[in-house]
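# Notes for the structure review
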Amino acid sequence: MTKQTHSSGGFLIALITLNVFITKYLIHYSISYGLLSIVIFFYASHIGSLFPDIDMKSSFISKRHPFISKIFGKRCRHRGFTHSLLAMLILYVIFKLIIIISNDNIIIISMCYGFFIGYASHLILDLLTKEGIELLYPFKANLNVFFIKTNSNGEKYFNRFLKFIISLYILYNIYLIANNVFHLDILNYLNLNNFGK
């Protein structure tokens, strides 16, 4: 998948998990601190959604971080280690240790959690491609569950579909935040129950 589709996927997974993140981590913080954490969470998810392609010299993330790209580019083939469950497990352990060392700092939690779910979204989306990924690395078998060709019209339509789902989730989250945080029942306010009478 292209950078644009991975960005959409990272944003969508951040939206899907946003309410869990707020409920689990941000419920006891002020609104301003909570908003800062949410912005960091979304930004980290965006970076995480692009990061597995650090093993490909021509990728957006590799051009932004050439030193890291050289390390992974020399040792890993594209869609190999960085696209595997093993890489996810190592990331999980590293992030868990960082969170423990930071004494559960909410900014660190926001960065780690956001990056991790963005990273997961990348693997999920690349599983949908014709090329597949080495999900079970070090076993060299490319796995896929669908046949979308990277940078094809099919991928462009799929990206549009992701953006449509994102729009629905944004509306849903606005409704939840208005209802749960500000105690506003938007549906009642708009009087949608009596629409058309």
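Residues numbered from 1 in each chain as written. Predicted model: local features only at pLDDT ≥ 70, side-chain atom pairs only at ≥ 80, totals over all residues. Heavy atoms only, no water.

## A word on the UniProt feature "transmembrane region" (unreviewed entry) in the protein
Operational definition: UniProt positions are given in the numbering used here, feature names are shortened, and annotations may be inferred rather than shown by experiment. Helical segments are the DSSP runs of H or I of at least four residues, strand segments are the runs of E of at least two, and each set is numbered from the N terminus.
UniProt records the feature "transmembrane region" (unreviewed entry) at residues 9–27, 33–54, 80–101, 107–128 and 161–182, using the numbering of this structure. Secondary structure within residues 33–54 divides into 82% helix and 0% strand; the distance between the first and last C-alpha atoms comes to 31 Å. For residues 80–101, the helix share is 77%, the strand share is 0%, and the end-to-end C-alpha distance is 30 Å.

## A few points about the nonpolar core
Filter applied, for reference: For our purposes a nonpolar core is just a set of buried Ala, Val, Leu, Ile, Met, Phe, Trp, Tyr and Cys residues, chained together by side-chain atoms within 4.5 Å. Between buried and exposed lies partly exposed: a residue is buried under 20% and exposed over 50% of the maximum accessible area for its type, with that area taken using a 1.4 Å probe on protein chains only. Should any heavy atoms of two residues lie within 4.5 Å, those residues are considered in contact.
Formed by 42 residues in total, the largest nonpolar core has its most connected members in Phe 41, Phe 42, Phe 115, Tyr 119 and Phe 158. Sorting the residues of this core by element identifies α1 (3–26), α2 (31–50), α5 (85–101), α6 (106–127) and α7 (153–180) as the ones contributing at least two each. If one sorts the elements of this core by residue count, α6 sits on top with 11 residues. The residues touching Phe 115, leaving out its near neighbours within four places in the chain, are Ala 44, Ser 45, Ile 47, Gly 48, Phe 51, Leu 91 and Phe 95.

## Overview of the pattern of salt bridges
This is how it is decided: The term salt bridge refers to a pairing of a side-chain nitrogen on Lys or Arg with a carboxyl oxygen on Asp or Glu at a separation within 4 Å.
All chains considered together, the criterion is met by 2 salt bridges. For Asp 126, the salt bridge goes to Arg 79, with nearest N and O atoms at 3.9 Å. You can see Asp 126 sitting in helix α6 and its partner Arg 79 sitting in the loop between α4 (66–75) and α5, a full 47 residues away along the chain. Pair check on accessibility: Asp 126 and Arg 79 agree, each one buried. Between Glu 131 and Arg 79 there is a salt bridge; the shortest N-O distance is 4.0 Å. Linking Glu 131 in the loop between α6 and α7 with Arg 79 in the loop between α4 and α5, this pair joins segments that are 52 residues apart in sequence. Exposure remark for Glu 131: the relative accessible area of 34% places this residue in the partly exposed category. Given the relative accessible area of 8%, Arg 79 is considered buried. By sharing partners, the salt bridges in this structure join Arg 79, Asp 126 and Glu 131 into a single network.

## Observations regarding the packing of aromatic side chains
We count it as follows: What counts as a ring pair is set by centres within 6.5 Å for rings of Phe, Tyr and Trp (its six-membered ring), and what kind of pair is set by the plane angle: stacked under 30 degrees, edge-to-face over 60, tilted for all other angles.
All chains considered together, the criterion is met by 16 aromatic pairs. An angle of 40° between the planes, with centres 6.5 Å apart, marks the rings of Phe 51 and Tyr 119 as tilted. Taken as a pair, Phe 51 in the loop between α2 and α3 (60–64) and Tyr 119 in helix α6 lie far apart in primary sequence, 68 residues in all. Residue Tyr 119 is classed as buried on the basis of its relative accessible area of 4%. Members of the aromatic cluster, each reached through a chain of ring pairs, are Phe 11, Phe 21, Tyr 25, Phe 41, Phe 42 and Tyr 113.

## Details of the side chain of His 122
Under the convention used in this document: By the criterion applied in these results, polar contacts are pairs of N or O atoms within 3.5 Å in which, for protein atoms, one can donate a hydrogen and the other can accept it, and in which residues neighboring in sequence qualify only through two side-chain atoms.
Counting through the fold element by element, His 122 comes out in helix α6. For His 122, a relative accessible area of 0% gives the class buried. For His 122, the side chain forms a polar contact with the main-chain oxygen of Ser 49, separated by 2.6 Å. When sequence neighbours within four positions are dropped, the list of residues in contact with His 122 reads His 6, Ser 49, Leu 50, Pro 52, Asp 53 and His 83.

## Points about the side chain of Glu 155
Short version of the rule: Charge assignment: positive for Lys and Arg, negative for Asp and Glu; neither His nor the chain ends contribute.
Mapping Glu 155 onto the fold places it in helix α7. Buried charge without a partner: Glu 155 forms no salt bridge, and the closest opposite charge is Arg 79, 7.4 Å away. Here Glu 155 is in contact with Met 1, Thr 2, Thr 5, Ile 148, Lys 149 and Thr 150, once residues within four sequence places are set aside.

## Points about a nonpolar patch on the surface
As a reminder of what qualifies: Each patch groups residues whose relative accessible area exceeds 30% and which form no salt bridge, using 9 Å between like charges and 5 Å between nonpolar side chains of Val, Leu, Ile, Met, Phe, Trp and Tyr. Accessible areas in this description were obtained via Shrake-Rupley with a 1.4 Å probe; residue shielding takes into account the shown protein chains only.
A cluster of nonpolar residues, Leu 86, Leu 89, Ile 90, Tyr 92, Val 93, Ile 94, Leu 97, Ile 98, Ile 100 and Ile 101, forms a patch on the protein surface that exposes about 920 Å² of accessible area. The residue Ile 101 is located in helix α5 in this model. Using a relative accessible area of 71% as the deciding quantity, one classes Ile 101 as exposed.

## Quick look at unusual backbone geometry
Omega for the bond connecting Tyr 137 with Pro 138 falls within 30 degrees of zero, at 20°, which places this linkage in the cis form. Even without being glycine, Asp 104 reaches a positive phi, approximately 60°. Within the element layout of this structure, Asp 104 appears in the loop between α5 and α6. Judged by relative accessible area, Asp 104 falls into the partly exposed class, the value being 48%. Located in the positive-phi region is Asn 151, a residue other than glycine, with phi close to 65°. The residue Asn 151 is located in the loop between α6 and α7 in this model.

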